[in-house]
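# Inside the fold
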Amino acid sequence: LPRIAIIGRPNVGKSTLFNRLAGRKLAIVDDTPGVTRDRKEVEARLGGRAVLLLDTAGLEEAPPDTVAGRMRASSEVAIRQADLVLFVIDARTGLTPSDRAFAAWLRRQPTPVLLVANKTEGRGGGMAAMEAYELGLGDPVAISAEHGEGIADLHTTAAELLPEEEDPEARDRDRPLRLAIVGRPNAGKSTLLNALLGEERMITGPEPGLTRDAVAVQWEDDEGKVRLVDTAGMRKKARISESLEQMSVGATIGALKEAEVAVLVLDATLGMDEQDLRIARLAEREGRAVVIAYNKWDAVEDRAAARQVLEDTLQTSLAQLKGIAVVALSAMTGRGVDKLMPTVRRTIERWNRRIPTGELNRWFEGAVAKHTPPLADGRRIKLRYATMPKARPPTIAVFGPRAEDLPEDYRRYLVNSFRDTFDMPGVPIRLHARGGK
Ligand code: GDP
């Protein structure tokens with residue numbers, strides 16, 4: 001489980017926050033005298049995730065030469081063990097010199113830090129929370145640990161900074177690949193599904209999906225199991241409804257939520273229009289990898305032109321899924337259909353991929369050296385390091401003073417550079433920039 005350390009100078013409300021997150025009052029029990037004080041951990045939930053809260057309270061009794069020294073001594077231990085640090089300041093008394101000294105030290109630590117401005121209930125707290133920006137640790141989350149205010153916000157923000165959840169299913173090789181076939185009416189979704197299922201062993205017949213409009217079917221091919229979640233096309237096959245389908249955005253989103261990858265079926269005789277783009281953007285927004293099935297290839301006369309038109313559209317209108325794989329096929333004749341699943345599997349692998357921190361930072365340093373980040377309000381944005389807190393979709397977090405001010409085009413540059421370096425075409429990539437450190 002990810003470990004969370006709550007640190008800050010005495011009396012800022014660490015224990016109150018600790019108890020608030022732990023969800024119950026905890027007696028801080030002392031260890032047997034003479035035995036090195038063990039760090040205690042308490043299981044809690046943060047942003048819906050199970051985490052371990054590190055109890056650093058005991059460590060505050062470490063050599064009390066100076067407040068800052070004491071904080072640092074206890075925090076060094078905590079930080080070494082933690083995946084995320086909640087740095088608490090007292091918004092009522094405002095920033096103290098030791099907060100500042102401590103923040104300066106924290107900024108140089110590799111552990112992600114979330115700045116928490118406590119005691120912001122009532123008037124005045126808001127001002128001090130504003131002041132907290134000066135610490136260069138990014139946006140503070142304003143809370144009142146005692147009154148339970150802002151805690152929901154804290155949960156959400158902290159969850160974003162936690163390392164990727166270890167999905168027990170993800171390690172299960174038997175786990176089916178989750179696929180959605182999307183596209184507008186008559187693109188050939190049903191025909192393609194039948195072609196895909198043609199020779200495969202069905203594991204289950206149509207079964208209800210997790211969301212209202214979705215239907216799922218499982219099959220198995222040489223590479224493993226596939227769970228296909230579908231909307232209208234499936235329904236037709238399953239005779240659940242014979243009604244003429246309308247492209248239902250709700251149903252498409254439902255299917256996308258259950259999938260890892262979306263196969264967007266296009267009618268190659270018509271090309272890609274606004275409606276198709278809209279579906280592709282929905283998939284991107286849901287963080288799904290996308291593969292295009294360029295269907296009805298048998299009926300296309302000028303294939304070179306059809307390819308070119310699609311490529312142009314993708315480049316100008318779908319840059320966020322740059323490099324997306326296109327499989328030209330005919331669901332009707334079956335030609336090219338065998339290329340689809342291998343392409344889907346390759347795309348999912350990329351979507352799943354975790355880049356080790358060392359490799360990631362070698363890329364990051366190179367990318368930042370090649371293009372220095374611009375000025376923000378006349379001051380240079382410094383980018384110190386990057387982490388990859390999540391995959392599925394790949395998510396990069398970059399850290400450095402004023403990183404939160406990175407303009408959109410620089411973020412895009414980083415994303416594209418990352419995509420090219422680590423070969424992730426057709427995969428949405430998320431970038432979070434956080435100030436500090
Ligand atoms: P859906 O609405 O997306 O499920 O589309 P359907 O699978 O019902 O197909 C719509 C129409 O396109 C049907 O008349 C199909 O026969 C036709 N169609 C589907 N795939 C192909 C193909 O590869 N080539 C050609 N020429 N027609 C196709």
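Keep in mind the model is a prediction, meaning the values are calculated, not measured. (Residues numbered from 1 in each chain as written. Predicted model: local features only at pLDDT ≥ 70, side-chain atom pairs only at ≥ 80, totals over all residues.)

## Digging into the overall build of the protein chain
Let me state the cut-off plainly: By the criteria applied, helices consist of DSSP H or I runs no shorter than four residues and strands consist of E runs no shorter than two, each listed in order from the N terminus. Once C-beta atoms are placed from the backbone, each residue is buried if 20 or more other C-beta atoms lie within 10 Å of its own, exposed if 12 or fewer, and partly exposed for counts between those two. Our contact criterion uses C-beta atoms placed from the backbone: two residues qualify when those atoms are within 7 Å.
The secondary structure content of the protein chain amounts to 13 helices and 18 strands. When burial is assessed residue by residue, the protein chain has 41% of its 437 residues classed as buried. Considering only contacts in the protein chain between residues 6 or more positions apart, those separated by 24 or more positions represent 71%.

## Some points on the site of the ligand
Rules: In this analysis, residues qualify as near a molecule or strand once their C-beta atom, positioned from backbone atoms, comes within 6 Å of it. Gly counts as polar in this scheme, as do all residues outside two lists: the nonpolar Ala, Val, Leu, Ile, Met, Phe, Trp, Tyr, Cys and Pro, and the charged Asp, Glu, Lys and Arg.
Near the ligand lie 17 residues; those nearest to it are G188, K189, S190, T191 and M332. Tallying contributions element by element places helix α6 (residues 189-197) first for the shell around the ligand, with three residues. Looking at the shell around the ligand, its residues break down into six nonpolar, eight polar and three charged.

## Here's the deal with the confidence of the model for the protein chain
Short version of the rule: The predictor reports its confidence for every residue as pLDDT, a score running from 0 up to 100.
In the predicted model, the protein chain carries a mean pLDDT of 80, and 78% of its residues have values of at least 70. In the predicted structure, residues 232-247 sits below a pLDDT of 50 and forms 26 contacts with residues beyond four places in sequence or in another chain. Interface confidence for the predicted complex, expressed as ipTM, amounts to 0.94; the pTM equals 0.62.

## Overview of the pairing of strand β12 (residues 289-295)
For clarity, the threshold we go by: Whether two strands pair depends on DSSP finding at least two bridges between them. Note on handedness: a clockwise path from strand one over the helix to strand two, with the strands aimed away from the viewer, defines a right-handed crossover.
Burial of β12 is extensive: seven of the seven residues sit out of reach of the surface. Of the two faces of β12, the one holding A289, V291, A293 and N295 and the one holding V290, I292 and Y294 are both buried throughout. Alignment of strand β11 (residues 261-267) against β12, held across seven bridges, turns out to be parallel. Its bridge partner being in β12, L266 is matched across the sheet by Y294. Taking the sense of rotation as the criterion, the β-α-β connection linking β11, helix α9 (residues 274-285) and β12 turns out right-handed.

## Regarding the environment of A289
Along the chain, A289 turns up in strand β12. Sequence separation between A289 and N352 is 63 residues, and the spatial gap between their C-alpha atoms is 9.6 Å.

## Let's talk about the pairing of strand β16 (residues 385-390)
Two strands pair when backbone bridges link them, and β16 and strand β17 (residues 395-399) are joined in this way by four bridges, in the antiparallel orientation. Counted as the bridge partner of A386 is V398 from β17.

## Re helix α3 (residues 97-107)
Inclusion rule: It is the directions from the helix axis to the C-beta atoms that the arc portrays.
Those residues of α3 that sit buried are D99, F102, A103 and L106. Seen from one end, α3 has its buried residues packed into an arc of 105°, which puts them on one side.

## A look at unusual backbone geometry
The omega angle of the peptide bond from R392 to P393 is 0°, so this bond is cis rather than trans. Position of P393 among the secondary structure elements: in the loop between β16 and β17. Unusually for a residue other than glycine, K119 sits at a positive phi of about 60°. Relative to the helices and strands, K119 resides in the loop between β5 (113-118) and α4 (125-131). Residues other than glycine seldom take positive phi values, yet N186 does so here, at roughly 70°.

## Some thoughts on the environment of G188
Its place among the elements puts G188 in the loop between β7 (177-182) and α6. Residues G188 and M332 lie 144 residues apart in sequence; the distance between their C-alpha atoms is 8.4 Å.

## A word on the sheet that holds β17
How we decide: Angles shown run from 0 to 180 degrees and are taken between the N-to-C directions of axes, each axis being a line fitted to C-alpha atoms and, for helices, limited to the stretch in contact.
Taken in spatial order, the three strands make up an open sheet running β16-β17-β18, and their pairing is mixed. With partners counted over all chains shown, the strands left at the sheet margins are β16 and β18 (430-434), one partner each. When the angles between neighbouring strand axes are averaged without regard to direction, this sheet yields 25°.

## Focus: the nonpolar core
This is how it is decided: Note on definitions: a nonpolar core is a set of buried residues drawn from Ala, Val, Leu, Ile, Met, Phe, Trp, Tyr and Cys, linked by C-beta atoms within 7 Å. Just so you know, the domain bounds were taken from an automatic or database domain assignment.
One finds A262, V263, L264, V290, A293 and Y294 to be the most contacted residues of the largest nonpolar core, which totals 71 residues. When residues of this core are assigned to domains, at least three map to each of domain 2 (169-352) and domain 3 (357-434). Residue contacts for L264: discarding those within four places in its chain leaves V182, G183, D276, I279, A280, A283, V290, I292 and A293. Among the nonpolar cores identified, the runner-up in size contains 41 residues, and I79, V116, A142 and L154 belong to it.

## Considerations on the packing of helix α8 (residues 249-258) against α9
Packed helix pairs are specified by the crossing angle of their axes together with the interaxial distance, meaning the distance between the axes. Note the following rule: Should an angle lie under 35 degrees it is considered roughly parallel, over 145 roughly antiparallel, and from 65 to 115 roughly perpendicular; all remaining angles are considered oblique. Helix crossings get a hand from a simple test, with the near helix turned counterclockwise from the far one by less than a right angle marking a left-handed crossing and a clockwise turn marking a right-handed one.
Between α8 and α9, the shortest axis-to-axis distance is 10 Å and the interhelical angle comes to 40°. Classified by the angle their axes make, α8 and α9 are oblique. Crossing angle aside, the handedness with which α8 passes α9 is right-handed. Across the interface between the two elements, T252, I253 and L256 from α8 touch I279, L282 and A283 from α9. Here the contact of α8 with α9 is built from residues that sort into five nonpolar, one polar and no charged.

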